[in-house]
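# Notes for the structure review
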Amino acid sequence: MREEMARREAAELRRGHRKPRSPHGWGLLVALWLLAFYEPVVTESHLRRKNLEFIFIRFSAWEFEGCDKLWAGLVTTLCQNIRQHFGALPLSVFHVLGTRPRYASGFSQREWVLKKGTCLRLWGLLLVLAAGIAILLVALLVPGIKDHHALKVVGSAVASLSGSSLVLGALSILKNFLVSEKKKIERLTNSERFAGQLGFMSKIRGEVEVLVDFLAFMEVFERRRLRVVLEITSLDLCYPEKVAGVFNAMATLLSDANAPFIFVLAVDPSVIVPCLEQTGCMKGLADNGYLYLNRAVTLPFSIPEMGARSRLRSVEAAIQTREDLMYRIIAGNVAKTRGGGVAAAAFPGWKEVDSEAVVWIHEAFRCLHDGSDVLSRYLPENGANVRRIVNTIPITLRLLLHRSGGGVAEILSPRAAAAWVVLADRWPCRLSWALQCLEDAGQGAATPELSGKSLWSIFRENAGELSSLRQPLGKVLSLDDDPELFQEFLARDFPFGAAEARRLLAVTVNLDHSIRRQMGFLRALARLGKTAP
């Protein structure tokens, strides 16, 4: 979108159009002068302008989850960001003196029309004020008239009335400058007495309309179109009532056909739809959340499957957030160039196991980031899951080295440990089932027959029992990814054996062990039902 902005801006300048201006610096004085004494006019040339500016606003619904009215957080975020973008002073003056642009009659190209009424009122007040001050000065200073008390009263009254009108206007601007729209809305939402009245939403709508009118004014002033882009994220982490409230706020903001708002709603429909169906906003739509989304979203865009190159970029971005590894890389480079003395002096607590762990961690990350390695094919598309894997691999490798004392290096490799972390993240239910079946079969004793089996063969032998428990384990099964990829992972690319699985289970931190306990309980109940008389 920023590239599109720059491209359109350059195209408009090549056509010979006037350069856009900003309400900052000298432009602020021009904007205040036009706000006070001129009325904007939308002309034909303005409608033909192709250059535009996007005002990006990020709204994380999770940050406002604690408030009673999540939609109010959306509106206050909108008001606060617009105020920060243009400045508090222009918006405050617009509240008092500004007017919404009107459309030009005919083919007139005049974008600014003098406010004759405002100018006449201002000149009238200034003349009356000057007359009142003159009368008062004459009554106070001219000999022979000083004794006329009535003239002093008239002069004082005229000067006070005309001056008070100017002072009230200045105080209104000062009030809007000090009390932002965000504070006004927060004050309204905190008032329990006012929240129950019918005029509550109309007050909120009034504040939004002022913002819309102000944006329309700034479009004419800046000589370009303005669009406010609100990116709404983390909505699938909120309660159902809050989700419906945000959708209602979006409908309120978009109720005006000319509203300059664009909502980018980044959600998971499989989570949002049940939330909407639990609330009362589905009445009349046959309780169908997908139908509600189809009516609310005007441009659906489902993120396509992530390609191999995008997966590797996601892994690289997640690895770069590991600052503890970055400084160790730098320290390692210094040690290589200076013989290791500097590194030992800078980090005197390093031990042999820790240095070996750093080597293993980098080797594991290299395998993840290697496009030719089959492991990169199994990386998840979700960035949050990628970060979980990147954060878990160092812990798993350190625990593995700590428990083995270096003796496992001949059996397990950093690549195998990284593959195990990926397996636990992508198929937690199926992996937990295989591990539970392995535990029940051995009951802690590693028999030669059982140790020689692969984890895939153990899962395949007990897959029928897992299928019979689909109902009680339905929600846990929904955590797993493609089952065919699970088969390829264990049967072909990473055929972990029973002995390796036991060893890795002791250092597995990204697998919810309560899933295995629930599976063990269900298997015990099933066996109890079979042996009962």
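Figured I'd write up the structure that's included with this text. (Residues numbered from 1 in each chain as written. Predicted model: local features only at pLDDT ≥ 70, side-chain atom pairs only at ≥ 80, totals over all residues. Heavy atoms only, no water.)

## Here's the deal with the overall build of the chain
Across its full length, the chain carries 27 helices and 6 strands. Counting only residues that meet the buried cut, the chain has 41% of its 533 residues in that class. Partitioning the contacts of the chain with sequence separation of at least 6, the portion at a separation of at least 24 is 80%. (Helix = DSSP H or I, 4+ residues; strand = E, 2+ residues; numbered from the N terminus. Buried < 20%, exposed > 50% of the residue type's maximum accessible area, 1.4 Å probe, protein only. Contact = heavy atoms within 4.5 Å.)

## Some remarks on the sheet that holds strand E5 (residues 225–233)
On the basis of which strands lie adjacent, the open sheet formed by 3 strands has the order E2-E5-E6 and parallel pairing. Edge strands, defined here as strands with exactly one partner in the open sheet, are strand E2 (52–60) and strand E6 (261–265). Along the sheet, successive strands turn relative to each other by an average axial angle of 20°, direction set aside. Across 9 bridges, E2 lies against E5 in parallel orientation. (Pairing = 2+ DSSP bridges. Axes fitted to C-alpha atoms, helices over the stretch in contact; angles between N-to-C directions.)

## Here's the deal with the nonpolar core
Judged by nonpolar contacts, the single largest core of 61 residues is most densely connected at Leu368, Ile393, Trp420, Leu423, Phe489 and Phe496. Setting aside residues up to four positions removed in sequence, leucine 423 forms contacts with Pro428, Leu431, Phe486, Phe489, Leu490 and Phe496. Of all hydrophobic cores here, the second largest spans 52 residues; its members include Phe86, Leu91, Ile232 and Val246. (Core = buried A, V, L, I, M, F, W, Y, C linked by side-chain atoms within 4.5 Å.)

## Here's the deal with the pairing of strand E1 (residues 38–42)
Bridge count between E1 and strand E4 (residues 112–114): 3 bridges; the pairing is antiparallel. Within E4, the residue paired with proline 40 across the bridge is tryptophan 112. Where E1 meets strand E3 (residues 102–103), 2 bridges bridge the pair, whose relative direction is parallel. When the sheet's bridge partners are listed, valine 42 is paired in E3 with tyrosine 103.

## Remarks on a nonpolar patch on the surface
Residues Leu89, Val167, Leu168, Leu171, Leu174, Phe177 and Leu178 make up a contiguous nonpolar surface patch of about 630 Å² in total accessible area. Ranked by residue count, the leading element in the nonpolar patch is helix H7 (residues 149–178), at 6 residues. Residue placement: leucine 89 occurs in helix H5 (residues 88–97). (Patch = residues over 30% accessible without salt bridge, like charges linked within 9 Å, V, L, I, M, F, W, Y side chains within 5 Å. Areas by Shrake-Rupley, 256 points an atom, 1.4 Å probe, with all protein chains shown as cover. Salt bridge = Lys/Arg side-chain N within 4 Å of Asp/Glu carboxyl O.)

## Overview of the packing of aromatic side chains
As enumerated under the stated definition, the model contains 17 aromatic pairs in all. Centre to centre, the rings of tryptophan 33 and phenylalanine 37 are 4.7 Å apart; their planes meet at 55°, and the pair counts as tilted. Separated by 4 residues within a single helix, tryptophan 33 and phenylalanine 37 lie in helix H2 (residues 26–37), roughly one turn from each other. Phenylalanine 37 gets classed as buried once you look at its relative accessible area, which sits at 18%. One residue, arginine 426, lies across the ring of tryptophan 427, its end atom 5.3 Å from the ring centre. (Phe/Tyr/Trp six-rings, centres within 6.5 Å; stacked < 30°, edge-to-face > 60°. Lys NZ or Arg CZ within 6 Å of the ring centre and 35° of its normal.)

## As for the pairing of E6
Across 5 bridges, the pairing between E5 and E6 is parallel. When the sheet's bridge partners are listed, valine 229 is paired in E6 with isoleucine 262. Between E5 and its parallel partner E6, the chain crosses via helix H11 (residues 240–253), and the hand of that crossover is right-handed. (Right-handed = clockwise from strand over helix to strand, strands pointing away.)

## Some words on the environment of histidine 362
Secondary-structure assignment places histidine 362 in helix H17 (residues 352–369). Separated by 32 residues in the primary sequence, histidine 362 and proline 394 place their C-alpha atoms 9.0 Å from one another.

## Describing unusual backbone geometry
The phi torsion at arginine 223 lies on the positive side, around 60°, for a residue other than glycine. Within the fold, arginine 223 resides in the loop between helix H10 (200–222) and E5. Overall, the relative accessible area of 13% leaves arginine 223 in the buried class. Its identity is not glycine, yet serine 234 carries a phi of approximately 60°, on the positive side.

## Some points on the pattern of salt bridges
Oppositely charged side chains may form a pair once their charged atoms are brought near each other. Going through the model one piece at a time under the given rule, you end up with 27 salt bridges. A salt bridge links glutamate 4 to arginine 7, with the nearest nitrogen and oxygen atoms 2.7 Å apart. Highlighted residues: glutamate 4 and arginine 7, both in helix H1 (residues 2–14), separated by 3 residues, approximately one helical turn. A residue is classified by how much of its surface remains accessible, and arginine 7, at 49% relative accessible area, is partly exposed. Among the salt bridges present, the one from arginine 18 reaches glutamate 111, with a minimum N-O distance of 3.6 Å. Of this pair, arginine 18 sits in the loop between H1 and H2 while glutamate 111 sits in the loop between E3 and E4, placing them 93 residues apart in sequence. Residues participating in the shared-partner salt-bridge network are Glu9, Glu53, Glu222 and Arg224.

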